[in-house]
Amino acid sequence: MVRNIPGSIATTEMSSEYVKSGPLPSVEDSQGKYGKESYQPIPVFVAIWTYVSYFILTVRGHFIDILRKIGIVKVGREIVDSNDPFKMTREFERFFTRNMYMLIRDCWERPIASVAGPYVDVVDRESDDGNWTYKFPGTKKRCLNLGSYNYLGFAENSGPCAEAVKDTIRKYGVGNCSSRAKYGNLDMLSKLEKMVAHFVGKQDAVVFGMGFATNSTNMRSLVTKGSLLISDELNHTSLIVGAKLTGAKIEVFKHNDIEDLERKLKNAIIEGQPRTHRPWKKILIVVEGIYSMEGSIVKLPEIIALKKKYKAYLYLDEAHSIGAIGPTGRGVVEYWGCDPNDVDIMMGTFTKSFGACGGYIAANHDIINHIRKESHSAIYGVPMMPPVAQQVISSLNIILGKDGTQDGQYRFT
């Protein structure tokens, strides 16, 4: 079965409305390059001490493992089957977990007993064996929330979004219990898809119940064997998993390095496919809008220029940028003042700015109809739950000002 990304469509009325206010103020630096990045340099002492600390912890870990083998240290002893096929690949992971992670485990995986709002109720716990097991005394502690993806504060248990979700549960229930190919294609999902498409400035959109799966299960419907996928080296795991499932040849370019990306594109076009040297069926560039671990923003104008120059396609993951940047929250495309039609596939999630879960892919009608027919998630998976869809619809209405208030604009500022 041949899987092709349908050809680009001319600028639509929606995208004209999207950019009617004209380009945003220039974000060029003094050298005229878009988004030149600068990171705070790591002090030499800090770098050296970090490596020394890891060395000390490694030596300590091997010493503790010796004590475990002779039975002096009881906790952390592992009985590993010698025929375990994963023993070679997981040994360091187990060593790190036993001897380093367990020292600081209490800082992670902390259960909370409240909505993930500005403040959270953290469940207290105690350990008598070095964080291997926990006891829960039944108390909680009120803490300031500095680790949530709740960017705009829509993850609430009261207010207009929560009330709308309650009404939806009364009407639709909690689950669909079917794929969209059968009885799971609710009218509210179609409504949400139209809203998303309008919001990001594309012709159409399709939504999914899980953000990770939006990338990992749908990229195979866009490229396959005989195609080339060029990925930023710091792309999210969901993009990496999705790329591996496509069967396409994968090339990795240095993070946000336009020169390296152009080299990869040039070589791909000159050399063609391995052994046969035939032209690639298609070339897909995959980037993120905001790289959450680094805080860097994709150099979108330059990547779009390369995409046009070498006639490639562009897949943009806006998981962390949609709703978070741009004057009206429309992500990096709006931030840079680009035309949405210059980005072939726009992906995003609802787990950050919208206080919900799931994800979307927005593109022209042909691409979205193609994904609906080919996507494993769309065909076999249970779609987004009605309460979750309503949460996204309600938060989008507030962001767009359709609720009659300025609450959406207030959340941006």
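As the structure is a prediction and not an experimental result, all values here were calculated from the model.

A. Spotlight on the overall build of the protein chain. What the protein chain contains, in helices and strands, is 14 helices and 11 strands. Taking all 413 residues of the protein chain together, 46% fall into the buried category. Within the protein chain, residue pairs in contact and separated by at least 24 positions form 68% of the contacts whose partners lie at least 6 positions apart. Accessible area for the protein chain stands at about 22,400 Å²; split by element, carbon and sulfur atoms hold 57% of it.

B. Fine view of the pattern of salt bridges. The tally for this structure, following the rule as stated, stands at 19 salt bridges. Here Lys135 ties to Asp128 by a salt bridge, and the two come within 2.9 Å at their closest N and O atoms. The residues Lys135 and Asp128 share a single accessibility class, namely exposed. Across the salt bridge formed by Glu156 and Arg411, the nearest N and O atoms sit 3.8 Å from each other. Residue Glu156 is located in the loop between β2 (140-144) and α4 (160-172), and its partner Arg411 is located in helix α14 (residues 407-412); the two are separated by 255 residues in the primary sequence. Taken together, the shared-partner salt bridges connect Arg180, Glu193, Asp204 and Arg372 into one network.

C. Highlighting the packing of helix α5 (residues 187-200) against helix α13 (residues 386-399). Between α5 and α13, whose axes approach to 10 Å, the crossing angle comes to 35°. The hand of the α5/α13 crossing is left-handed. Residues Met188, Leu189, Lys191, Leu192, Met195, Val196 and Phe199 of α5 form the contact with α13, whose participating residues are Pro386, Ala389, Gln390, Val392, Ile393, Leu396, Asn397 and Ile399.

D. Spatial organisation of the sheet that holds strand β4 (residues 228-232). In space, the 7 strands of this open sheet follow the order β3-β11-β10-β9-β6-β4-β5, with mixed pairing throughout. Two strands close off the open sheet at either side, each with one partner strand: β3 (204-208) and β5 (249-253). For this sheet, the mean inter-axis angle between neighbouring strands, taken without regard to orientation, is 20°. Relative to strand β10 (residues 345-349), strand β9 (residues 313-317) runs parallel, the two being bridged by 3 bridges. Bridged to Tyr315 within β10 is Ile345. In the packing of helix α8 (residues 258-271) onto the sheet, contacts are made with β4, β5 and β6 (283-288), and the angle to β5 comes to roughly 150°. Packed on one face of the sheet, helix α11 (residues 365-374) meets β3, β10 and β11 (359-363) and runs near 30° to β3.

E. The nonpolar core, seen in detail. Counting 57 residues, the largest nonpolar core has Leu192, Leu265, Val287, Leu300 and Phe350 as its most contacted members. Counting residues per element, this core draws most heavily on α5, which supplies 8 residues. Sequence-distant contacts of Val287, defined by excluding residues within four places in its chain, comprise Asn235, Phe253, Val298, Ile303, Leu314, Tyr315, Leu316 and Asp317. With 21 residues, the next largest nonpolar core counts Val206, Phe208, Ile361 and Ala363 among its residues.

F. A look at the confidence of the model for the protein chain. This prediction gives the protein chain a mean pLDDT of 87; 87% of its residues lie at or above 70. Within the model, the stretch residues 1-35 combines pLDDT values under 50 with 71 contacts to residues more than four positions away or in other chains.

Thresholds, definitions, all that
- Residues numbered from 1 in each chain as written.
- Predicted model: local features only at pLDDT ≥ 70, side-chain atom pairs only at ≥ 80, totals over all residues.
- Heavy atoms only, no water.
- Helix = DSSP H or I, 4+ residues; strand = E, 2+ residues; numbered from the N terminus.
- Buried < 20%, exposed > 50% of the residue type's maximum accessible area, 1.4 Å probe, protein only.
- Contact = heavy atoms within 4.5 Å.
- Areas by Shrake-Rupley, 256 points an atom, 1.4 Å probe, with all protein chains shown as cover.
- Salt bridge = Lys/Arg side-chain N within 4 Å of Asp/Glu carboxyl O.
- Axes fitted to C-alpha atoms, helices over the stretch in contact; angles between N-to-C directions.
- Left-handed = near helix turned anticlockwise from the far one by under 90°.
- Pairing = 2+ DSSP bridges.
- Core = buried A, V, L, I, M, F, W, Y, C linked by side-chain atoms within 4.5 Å.
- pLDDT = per-residue confidence, 0-100.

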